[in-house]
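This is what each chain is made of:
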Amino acid sequence: MKPFASLLFFSVLVIVSGCARNQDYPSQPITLVCPWSAGGGTDRVSRQIAAQLEREMSVPVNVVNATGGSGVTGHTRGALARPDGYTITMMTVELSMLHWRGLTNISYQDFSPIIQLNRDSAAIFVQENSPYKRLADLEEAIRANPGKLKASGTAQGGIWHVAVAGWLNACGLKGDAANWISINGAGPSLQELYAGGVDFVCCALPEAEAMVSSKKVRSLGLMAEQRLAQFKDVPTFREQGRDWLIAGWRGIGVPKQTPADRIDKLSKALRKVAASDEFTKFMQNAGFDISIELTEQYVATLAAQDDLFHGILASDAFEHVSAEHFGLMVFPGATGMLLILAVCWIAVNDRQRKKIQFRIQSRAGLNVIAVVSAIVLFIVLVEPLGFVLTTALILLSLSLVLRVRYSIALATSCLTSILIYQVFAAVLRVPLPRGILGW
């Protein structure tokens, strides 16, 4: 009966999971990775792109805010995703900075850039009732109290942090004359400013548009060549005697090795979105600058930006921004050491109880080996075989190792793998590996 049961088992998987799914791209939800918090400018642009791209591609496009690590988490997740066209990333200017700060090995070269969408200059904001009425007032306060005033706008070493450090250096001050508070994104930083947790914030004017309109915060100056049409009352730094310009950018990329035909389809859809009246109106109403660059031009811009920030972050003026207390391998190394110590401790204790519990330990050891092997096999097999088939095989194998009755193990493995797939792929719309059979 076992061969027949196994045949029945895999037949049910094929039928229920739908091996005859449409293999034309796209045929499942697309994930758009946003490296920054909800509510900020990058998040707002990401969600607008997702809404329009969803209509163009005729599949759901889900925005995932993968925050943390000054942008490392989101950019790494996007770069190391499966290169199948189902994960795209809203790349930001921090991609040109992170590897020069020793935080990650990921750079623009780990992506296939598709399109640049916009470029926004930095601006300084204070509370509406702040005593600092002009940029010079804030500069004077920082000069009189070095290290006392608190500022934010992004994580440590992010573009807005570099913008503030460069401005202070242009004033003849050290880049750390203001105490930078690391917060992941402009949205939460502005909320902290309104709550009185920081003295000023640096971010793009469009990111603060809602709070400026509601008279919660106001801008002291814009680090750009000229004033923005939507914020004509905000003077530039140059108008106030400070020759310092810097801007952030946003664009879409996919992991390297993504098939060319899928990149082409995404590129055509994103071009339509970027050229649409809906996108233009959204960007204009929000005050975002539209700066469209297609693939070849965008790649050249990324290379130039990479060189630019290498020079900036390697200079003495930005030494405190580039330097990190912990290197790239500190936490993995510490975790590895703890694991080694734990294994040694277990080995010592096991040796003392070996004679008494030999049989129990042997069985437990085999179970541990089985679980570890199952994890390794899942990682190796899930891409070529697909989530449903791999999960079913792993669950069935583990159940048999744990001496579960064959019929129960077969039924449980079948139903569990299908249920998990349906919950994540159908209900939560999370893309899962489909394998060579498409399920």
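Along each chain, residue indices are assigned from 1 in the same order as the chain's sequence is written. With pLDDT at 70 or above as the cut-off, local features in this predicted model cover only qualifying residues; side-chain atom pairs require 80 or more to be listed or tallied, and sums for whole chains, interfaces and linings still use all residues. The side-chain values count all of the structure's non-hydrogen atoms but skip hydrogen atoms and water molecules.

## Details of the overall build of the chain
- Secondary structure assignment for the chain yields 15 helices and 10 strands.
- Whether two residues are in contact is decided by their heavy atoms, any of which lying within 4.5 Å being enough. Long-range pairs, those at least 24 residues apart, make up 78% of the contacts in the chain with a sequence separation of at least 6.
- With the model as given, the accessible surface of the chain reaches about 21400 Å², and the carbon-plus-sulfur share is 60%. Numbering goes from the N terminus for both helices and strands, where a helix is a DSSP run of H or I of at least four residues and a strand is a run of E of at least two. For every accessible area listed, the method is Shrake-Rupley and the probe measures 1.4 Å; residues are considered covered only by the protein chains on display.

## Description of the packing of helix 2 (residues 41-57) against helix 8 (residues 260-275)
- Relative to each other, helix 2 and helix 8 sit at 120°, their axes nearing to 9 Å. The orientation of helix 2 relative to helix 8 falls into the category oblique. Pair helix 2 / helix 8 crosses with right-handed handedness. Of the residues in helix 8, those touching helix 2 at Ile-49, Gln-52, Leu-53, Glu-56 and Met-57 are Lys-265, Leu-266, Ala-269, Leu-270, Lys-272 and Val-273.
- Asp, Glu, Lys and Arg are counted as charged, while Ala, Val, Leu, Ile, Met, Phe, Trp, Tyr, Cys and Pro are counted as nonpolar; the rest, among them Gly, fall into the polar class. Classifying every residue of the contact of helix 2 with helix 8 gives seven nonpolar, one polar and three charged. Lines fitted to the C-alpha atoms define the axes, with helices restricted to the stretch that makes contact. Angles between their N-to-C directions range from 0 to 180 degrees. The labels follow the angle: roughly parallel below 35 degrees, roughly antiparallel above 145, roughly perpendicular from 65 to 115, and oblique for the rest. By the definition used in this description, the sense in which the near helix is turned from the far one sets the handedness, with an anticlockwise turn below a right angle giving left-handed and a clockwise turn giving right-handed.

## Re the confidence of the model for the chain
- Note: pLDDT gives the predictor's confidence per residue, expressed from 0 to 100. In the predicted model, the chain carries a mean pLDDT of 84, and 80% of its residues have values of at least 70.
- Overall, residues 325-331 carries pLDDT values under 50, and its contacts beyond four positions in sequence, including any with other chains, amount to five contacts.

## Description of the nonpolar core
- By convention a nonpolar core is built from buried Ala, Val, Leu, Ile, Met, Phe, Trp, Tyr and Cys residues, the set being connected through side-chain atoms within 4.5 Å. Burial status follows relative accessibility: with a 1.4 Å probe on protein chains alone, a residue under 20% of its type maximum counts as buried, one over 50% as exposed, and anything between as partly exposed. The biggest cluster of nonpolar side chains holds 60 residues, and the ones touching the most others in it are Ile-124, Trp-167, Phe-200 and Met-223.
- Counting residues per element, the ones that place at least two in this core are strand 4 (111-127), helix 4 (135-144), helix 5 (159-170), helix 6 (186-195), strand 7 (200-204), strand 8 (217-222) and helix 10 (295-314).
- Here the element with the most residues in this core is helix 5; it accounts for seven residues.
- With sequence-adjacent residues up to four places away left out, Met-223 is seen in contact with Ser-121, Ala-122, Ile-124, Ala-163, Trp-167, Cys-202, Phe-237, Trp-244, Leu-245 and Ile-246.

## Quick notes on the packing of aromatic side chains
- Only the six-membered ring of Trp is used, alongside the rings of Phe and Tyr, when aromatic pairs are assigned; centres must lie within 6.5 Å, and planes under 30 degrees apart are stacked while those over 60 apart are edge-to-face, with the rest tilted. Tallying each qualifying case throughout the model produces six aromatic pairs.
- Judged by centre distance (5.9 Å) and plane angle (75°), the ring pair of Trp-167 and Phe-237 falls under edge-to-face. Pair noted here: Trp-167 is in helix 5 and Phe-237 is in the loop between strand 8 and strand 9 (247-255), with a separation of 70 residues, a long-range link. When sorted by exposure, Trp-167 lands in the same class as Phe-237, which is buried.
- Seen from their ring centres, Phe-387 and Tyr-421 are 6.5 Å apart, and the 35° between their planes marks the pair as tilted.

## Here we look at a nonpolar patch on the surface
- Nonpolar side chains collect at one region of the surface, where Val-368, Val-371, Val-372, Ile-375, Val-376, Ile-379 and Val-380 lie side by side and expose about 620 Å² of accessible area between them.
- Tracing the backbone through its elements, the reader meets Val-368 in helix 13 (residues 358-385). Only residues whose relative accessible area exceeds 30% and that form no salt bridge are eligible for patches; like-charged ones are grouped when within 9 Å, while nonpolar side chains (Val, Leu, Ile, Met, Phe, Trp, Tyr) are grouped when within 5 Å. Salt bridges are defined as contacts in which a side-chain nitrogen from Lys or Arg sits within 4 Å of a carboxyl oxygen from Asp or Glu.

## A word on unusual backbone geometry
- Here the amide bond leading from Tyr-25 into Pro-26 is cis, since omega sits at -5°, within 30 degrees of zero.
- Residue placement: Pro-26 occurs in the loop between helix 1 (2-17) and strand 1 (30-34).
- One non-glycine residue, Ser-58, adopts positive backbone phi at about 60°.
- Structurally, Ser-58 is set in the loop between helix 2 and strand 2 (61-65).
- Taking the relative accessible area as the measure of exposure, Ser-58 reaches 64% and is therefore exposed.

## Side note on the pattern of salt bridges
- Evaluation of the coordinates by the stated rule reveals 12 salt bridges.
- Close ionic contact of Arg-134 with Asp-137 constitutes a salt bridge, the shortest N to O distance being 3.2 Å.
- A relative accessible area of 49% means that Arg-134 is categorised as partly exposed.
- The partner of Arg-242 in a salt bridge is Glu-139, and the shortest N-O contact between them spans 3.0 Å.

## Focus: the state of the cysteines
- Disulfides are defined in this document as cysteine sulfur pairs within 2.5 Å. As enumerated under the stated definition, the model contains zero disulfides in all.
- Distance from the sulfur of Cys-202, which forms no disulfide, to the nearest cysteine sulfur (Cys-203) is 6.8 Å.

## Considering helix 4
- Those residues of helix 4 not exposed but buried are Leu-135, Asp-137, Leu-138, Glu-139, Ala-141 and Ile-142.
- Where the residues of helix 4 are buried, they touch strand 4, helix 5, strand 7 and strand 8.

## Details of helix 14 (residues 387-401)
- With 15 residues, helix 14 ought to run about 21 Å at 1.5 Å a step, and its terminal C-alpha atoms sit 21 Å apart, in line with that.
- For helix 14, every residue scored as buried is listed here: Phe-387, Val-388, Leu-389, Thr-390, Thr-391, Ala-392, Ile-394, Leu-396 and Ser-399.
- Positive backbone phi, approximately 65°, marks Arg-403, located one or two places after helix 14. Multiplying 1.5 Å by the helix residue count minus one yields the expected span of that helix.

## Some words on the pairing of strand 1
- In terms of burial, strand 1 is a largely internal element, five of the five residues being buried.
- Residues Ile-30, Leu-32 and Cys-34 point to one face of strand 1 and Thr-31 and Val-33 to the other, with burial holding for every one of them.
- Bridge count for strand 1 against strand 2 is five bridges, and the pairing is parallel. Considered in strand 2, the bridge of Thr-31 is made with Asn-62.
- Chirality of the crossover, the property in question, places the unit of strand 1, helix 2 and strand 2 among those that are right-handed.
- Pairing of strand 1 with strand 3 (residues 87-92) involves three bridges; the strand directions are parallel. Bridging from a neighbouring strand, Val-33 pairs with Thr-89 of strand 3. A pair of strands is labelled paired if DSSP reports no fewer than 2 bridges between them. For the handedness criterion, the strands are oriented away from the viewer, and a crossover whose path from the first strand over the helix to the second runs clockwise is classed as right-handed.

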